[in-house]
Amino acid sequence: MERLLKKYYQKLDRTQLGKVRSFMDEIDWSNRFIGIKGARGAGKTTLLFQYILVKQLPPSKTLYVSLDDLYFTENTLYSLAEQFVNEGGKHLLIDEVHRYANWSSELKNIYDDFPDIQVIFTGSSLIHIEKARGDLSRRAVVNELFGLSFREFLAFNEISRFEKVTLEDVLTHHVEIARSIVSKIKPLAYFKDYLTFGYYPYFLENKDAYQQKLMETMLIAMSTDLPPTYNLSYASIEKIKQLLYILAESVPFKPNITKLSERMGVSRNSLLDFLRYLEELRIVKRLYADTKGIGLLQKPEKLYLYHPNISYALAYQDADIGSIRESFFINQLSVNHPIEYSTVGDFRVGRQLFEIGGKAKSQKQISQEKNAYIVADNIEIGYKNKIPLWLFGFTY
């Protein structure tokens, strides 16, 4: 315990509050059992330490541990929690739960046996609370931490801070909202940087090395996080990596599952599983024509990389600008809205239809449609049903 406390205090002393995600205000911290999941690099660990400082929790009654620590090769999480409670602890913050073999059962027992402590845990975007042993879904309130929105990127770069806007606000008042923002900054001056390296907060460490780190982070997630979750072999992991490189060369990709599975030498069902794993790692986004009642083995209509930064990290040549625009739109809106593939226009969000393009994009394809919008890149302010692409980066 003494060594864990020393590590905890060292990390707490290094934590700063200058750049706090707005996600901090969206969590109901009064809950006794809170889960936070997200992709590697999203900022889950930083969020835990900032929570301690923002809420001014007494360090002597708070403990942070990461379950990839060597301490847990000879000690159980439950025994640590018991000792912590016996010494007067009140807030137990547990990082990287997916790295611990029996995490769900022990968390359930900790919650049930020690009613006087708050337990907050983080884990990979892969973790399925609803399927966890011990039925954590009835006990834990789970939130997902996504990467930075364009709005948050501007705040992290200390350019300007803005409140988020709803999709309904954008559709109804986009001209007024855009004019208000443009009166303070030139959003297009920063938009390309966001698309290239702005999704994960670690761009603050080294922008030049960002894409290399992103590539390494994705490979580590595939090699380290997937095998224990789905009991995958080394050969399967190599096939998943191969699939990612194939997709990177051709997204947006309308998949022919039979041909693709033959090319890779895997079964149709395995290929569909691999696509699901890549989406759960927040590397690929699957799009369907109807999001209701999607089965595990249903073929997606189209495949995208999960956010534009991945396109630049994987691109052997210049990333396709059309794919970048569509990936950005899907990535920003899918945080709060289900997005469907459409044969008329590009995407449907509820009853709204969206066509994505450059500043000269015409109304031709959606001219006969109701509730249809052009989402145009390289414009500061829109007009009528033509909305600037960058503005959708303010919706979370």
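Everything below is about the structure printed above this text.
Every value quoted in this text rests on a predicted model; they were computed, and no experiment measured them.

### Observations regarding the overall build of the protein
When helices and strands are counted, the protein shows 13 helices and twelve strands. A globule of 396 residues ought to have a C-alpha radius of gyration of about 21 Å, and the protein, at 22 Å, matches this closely. Seen through its C-alpha atoms, the protein measures out along the principal axes to roughly 70 × 55 × 40 Å. Burial status across the protein gives 55% buried among its 396 residues. Taking as baseline every contact in the protein between residues at least 6 positions apart, the subset at least 24 positions apart corresponds to 67%. Positive and negative side-chain charges in the protein, numbering 51 and 47 respectively, have mean positions lying 4 Å apart.

### Considerations on the nonpolar core
Ile36, Ile94, Trp103, Leu107, Phe121 and Phe354 are the most contacted members of the largest nonpolar core, which has 133 residues in total. Membership of the second largest hydrophobic core comes to six residues, among which are Leu353, Ile366, Ala372 and Ile374.

### Observations concerning the packing of helix H1 (residues 2-14) against helix H2 (residues 44-54)
As a packed pair, H1 and H2 sit with axes 10 Å apart at the nearest point and diverge in direction by 75 degrees. Considering their axes alone, H1 and H2 lie roughly perpendicular with respect to each other. Taken together, the residues of H2 that come into contact with H1 (itself represented by Tyr8, Lys11 and Leu12) are Phe49, Ile52 and Leu53.

### Focus: helix H8 (residues 210-230)
Spanning 21 residues, H8 covers 29 Å between terminal C-alpha atoms, matching the ideal 30 Å at 1.5 Å per step. Within H8 the residues assigned to the buried category are Tyr210, Leu214, Met215, Thr217, Met218, Ala221, Met222, Asp225 and Leu226. Taken together, the buried residues of H8 touch strand E4 (118-124), helix H7 (188-197), helix H9 (234-248), helix H11 (268-280) and helix H12 (308-314). Immediately beyond the C-terminal end of H8, within one or two residues, lies Asn231, with a positive phi of roughly 55 degrees.

### Re unusual backbone geometry
Residue Gln56 is not a glycine yet carries a positive backbone phi of 55 degrees. Inspection of the secondary structure assignment puts Gln56 in the loop between H2 and strand E2 (62-66). Classification of Gln56 by relative accessible area gives exposed; the value is 69%. The phi torsion at Asn371 lies on the positive side, around 50 degrees, for a residue other than glycine. In this fold, Asn371 is placed in the loop between strand E10 (352-357) and strand E11 (372-376). The exposure class of Asn371 is partly exposed, given its relative accessible area of 40%.

What counts, and where the lines are drawn
- Residues numbered from 1 in each chain as written.
- Predicted model: local features only at pLDDT ≥ 70, side-chain atom pairs only at ≥ 80, totals over all residues.
- Heavy atoms only, no water.
- Helix = DSSP H or I, 4+ residues; strand = E, 2+ residues; numbered from the N terminus.
- Rg over C-alpha atoms; globule rule 2.2 N^0.38 Å.
- Buried < 20%, exposed > 50% of the residue type's maximum accessible area, 1.4 Å probe, protein only.
- Contact = heavy atoms within 4.5 Å.
- Lys, Arg positive; Asp, Glu negative; His and termini not counted.
- Charge placed at Lys NZ, Arg CZ, Asp CG, Glu CD.
- Core = buried A, V, L, I, M, F, W, Y, C linked by side-chain atoms within 4.5 Å.
- Axes fitted to C-alpha atoms, helices over the stretch in contact; angles between N-to-C directions.
- Parallel < 35°, antiparallel > 145°, perpendicular 65-115°, else oblique.
- Expected span 1.5 Å × (residues − 1).

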